[in-house]
Amino acid sequence: MKAIVITTGGGPEVLQLQQVEDPELKDDEVLIKVEATALNRADTLQRKGSYPPPKGASPYPGLECSGTIQAVGKNVLGWIVGDQVCALLSGGGYAEKVAVPAGQVLPIPLGVSLKEAAGLPEVACTVWSTVFMMSRLSAGETFLVHGGSSGIGTFAIQIAKSKGATVFVTAGLPRLGADLCINYKTEDFVAHVKEETGGKGVDVILDCIGPAYLQRNLDSLNFDGRLCIIGLQGGAVTEIKLNTLFPKRLTVQGAALRPRNPENKAMVVNEVEKNVWPEIVAGKVKPIIYKSFPLSEAVEAHKLMEMMKAVVITSPGDPEVQLQEVEEPEIKDDEVLIKTEAAALNRGDIYQRQGFYPPPEGASTFPGLECSGIIEAVGENVSRWKVGDKVCALLSGGGYAEKVAVPAGQVLPVPSGVSLSDAASLPEVACTVWSTVFTTSRLCPGETLLIHGGSSGIGTFAIQIAKFKGAKVFVTVGDERKLAFCNDLGADLCINYKTEDFVVRVKEETEGKGVDVILDCVGAAYLQRNLDCLNVDGRLFIIGSISGFVAELNIAAMFAKRLSIQAAALRTRSVEEKASIVKEVENNVWPAIMSGKVKPVVHQRFPLREAAEAHRLMESGNHIGKILLIA
């Protein structure tokens, strides 16, 4: 027979259709000629090598199937050759034939096709055994399902409604009867649950996320509430506040179906046939099939099911962000989908994590304002870019993920001579510096530019491009190591702001005149001192306010020297404005990079899962240049 073989742990491409031996039939088993099998999250975990089959089970993936009985073991009663059935498996569904204990076999419910029936055993047994047998959901109670659009979720909505429960879901389908659908990307499900229940909370929660949702789930429960965890998409380890459990008498349970012994599975299957099959026959619960593939296209099926990973800010605060499985972004007609190679950290990511800098409306909720990678899909109206192009991009958010959707006008080619990962360090700094220092503040050859934070990503880039354009460059930094680095990049004057008064040094070096343009990330604390440093017709551009937003201003000083103060953030600009800036950057900055006159400065690279460590490094201030996350 043919079966899908996992050749080695890894991505979907490790699945191969191969010729293998037929399974041997035991006395208490039946042999099913498979009509169809359904994909489950456990299949993707097994493929990756993190969820091996139980001892003695088939090594091929597939936890449920439908088909026709081809042979029966000598101890089997109740089933005969030719019966059309579906079955709960420990493995082996991705094959033309599978042997399964007779107690795990179910008849095809009336009104369900043989093919559709393959989508029932795993979800029915999982939901019934956890929600009803373990957590004892009763008519009149309220039930919250995370992942309401999944196979488990769509089934749980229907069976819970048929049994008289009120159903809340995150990312669910209203047409299936859910009473409340919460968009977890834009809404706080805890607050929404409390609002809908008059502050009480729900009675039962079915959760596939795990640690990332644990405390929030507990906060969402009513007195005597029960939380049943059936997946760990958000990791395996977290803290639990036991004092949350005591006052409301809460129960936390975890369960997996696959490791149960045949006797336990047979018991669950029997309960499902008695309690769930009548609801299916009555038309109250229906199988939801998204798409069908031939067995030979298991790789494509896995790609469709696979969720991407992204760094999620679970709540505002410290760097303890979490890598979670999330839904892939949908691209619009004028967007491209980038498979991310790397993303760069920016100060805006820190502020977003702390709760001070929310993404613009409609933007990804995940942090990350720039990335590099390979285009995986293009929208209908996109003409310049094609699948396979190596690019980097300016984002409104979403860079800390394996994939990101971005307007085509914000995409740039990777400059020749720059690696794909290092290119992630360019879009935000290039667009920020060009739009502020050159487009708005009109820095010209022969003028002098003062950069505060010369060793930052912005600073190291601004030094190089300003020198390339013929300007004189002064910088402030905080230690001798950074002074030396900026000097090597070409800065004409490096000032240690901790030991020197930068106003005095600037005046000394310019014979009292001052500089023409200042690029400042400090804000309030430096405002008056910056004005004191400016030449006649000088321009101060503020791109950050590390020291705060409120400062006293001596307007008289501005009149005397015709000074300008400007401030802007790149992230909040319109799509059209960003596209215009990106075009200017490609025309004016990319040639400098390709000639080797301007180079990306990368301090350290972290894997995406270590985003918290990368944030700690950035907040310490001990880096020079950019910090990258490798997807």
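Everything quoted here is computed from the prediction, not taken from an experiment.

### Brief notes about the overall build of the chain
Then comes step 1: Counting secondary structure elements, the chain contains 19 helices and 28 strands.
Then comes step 2: Dimensions along the principal axes, computed over C-alpha positions, put the chain at roughly 100 × 55 × 40 Å.
Then comes step 3: For the chain, the exposed surface amounts to about 27,100 Å²; the carbon and sulfur share of it is 51%.
Then comes step 4: Across the chain, the centroid of the 63 positively charged side chains sits 1 Å from that of the 73 negatively charged ones.

### Quick notes on the sheet that holds strand β21 (residues 448-452)
Then comes step 1: Here six strands make up an open sheet; going across it, the order is β23-β22-β21-β24-β25-β26 and the pairing parallel. The sheet is open, and its two borders are formed by β23 (493-496) and β26 (564-567), each paired with just one other strand. When strand polarity is set aside, the average angle formed by the axes of neighbouring strands in this sheet is 15°.
Then comes step 2: The pairing of strand β22 (residues 472-477) with β23 spans four bridges and is classified as parallel. Within β23, the residue paired with Val 475 across the bridge is Cys 494.
Then comes step 3: In the packing of helix α13 (residues 480-489) onto the sheet, contacts are made with β22 and β23, and the angle to β23 comes to roughly 170°.

### Description of a nonpolar patch on the surface
Then comes step 1: The grouping of Ile 240, Leu 242, Phe 246 and Val 252 at the surface amounts to a nonpolar patch, some 390 Å² of accessible area in total.
Then comes step 2: Note on placement: Val 252 falls in strand β13 (residues 251-254).
Then comes step 3: What makes Val 252 partly exposed here is its relative accessible area of 35%.

### Observations concerning the domain arrangement of the chain
Then comes step 1: For the chain, the assigned domains read domain 1 (2-118), domain 2 (135-254), domain 3 (304-425 + 575-586 + 603-630) and domain 4 (441-567).
Then comes step 2: Placing the centre of domain 1 and that of domain 4 at their C-alpha centroids yields a distance of 69 Å.

Cut-offs and rules
- Each chain has its residues counted from 1, running along the sequence as written.
- Totals for whole chains, interfaces and linings use every residue, but because this is a predicted model, local features are given only for residues with pLDDT of at least 70 and side-chain atom pairs only at 80 or more, for both listing and counting.
- Side-chain calculation: all heavy atoms of the structure are included, whereas hydrogens and water are not.
- What counts as a helix is a DSSP run of H or I of at least four residues, what counts as a strand is a run of E of at least two, and both are numbered from the N terminus.
- To measure how exposed things are, a 1.4 Å probe is used in the Shrake-Rupley method; for residues, cover is taken only from the protein chains shown.
- When charges are counted, Lys and Arg are positive and Asp and Glu negative, with His and the chain ends excluded.
- In plain terms, the charge of a residue is placed at NZ if it is Lys, CZ if Arg, CG if Asp and CD if Glu.
- Strands qualify as paired when DSSP identifies two bridges or more between them.
- Angles here are taken between N-to-C directions and fall from 0 to 180 degrees, while the axes themselves are lines fitted to C-alpha atoms, restricted in helices to the stretch in contact.
- Working rule for contacts: check all heavy atoms of both residues, and any pair within 4.5 Å makes them a contact.
- Two joining distances apply to patches: 9 Å for like charges and 5 Å for nonpolar side chains (Val, Leu, Ile, Met, Phe, Trp, Tyr), and every residue must have over 30% relative accessible area and no salt bridge.
- Any Lys or Arg side-chain nitrogen found within 4 Å of a carboxyl oxygen on Asp or Glu counts as a salt bridge.
- Note on exposure labels: buried denotes an accessible area under 20% of the residue type's maximum, exposed denotes more than 50%, and partly exposed covers the range between, all computed with a 1.4 Å probe on protein chains only.
- What marks off one domain from the next here is an automatic or database domain assignment.

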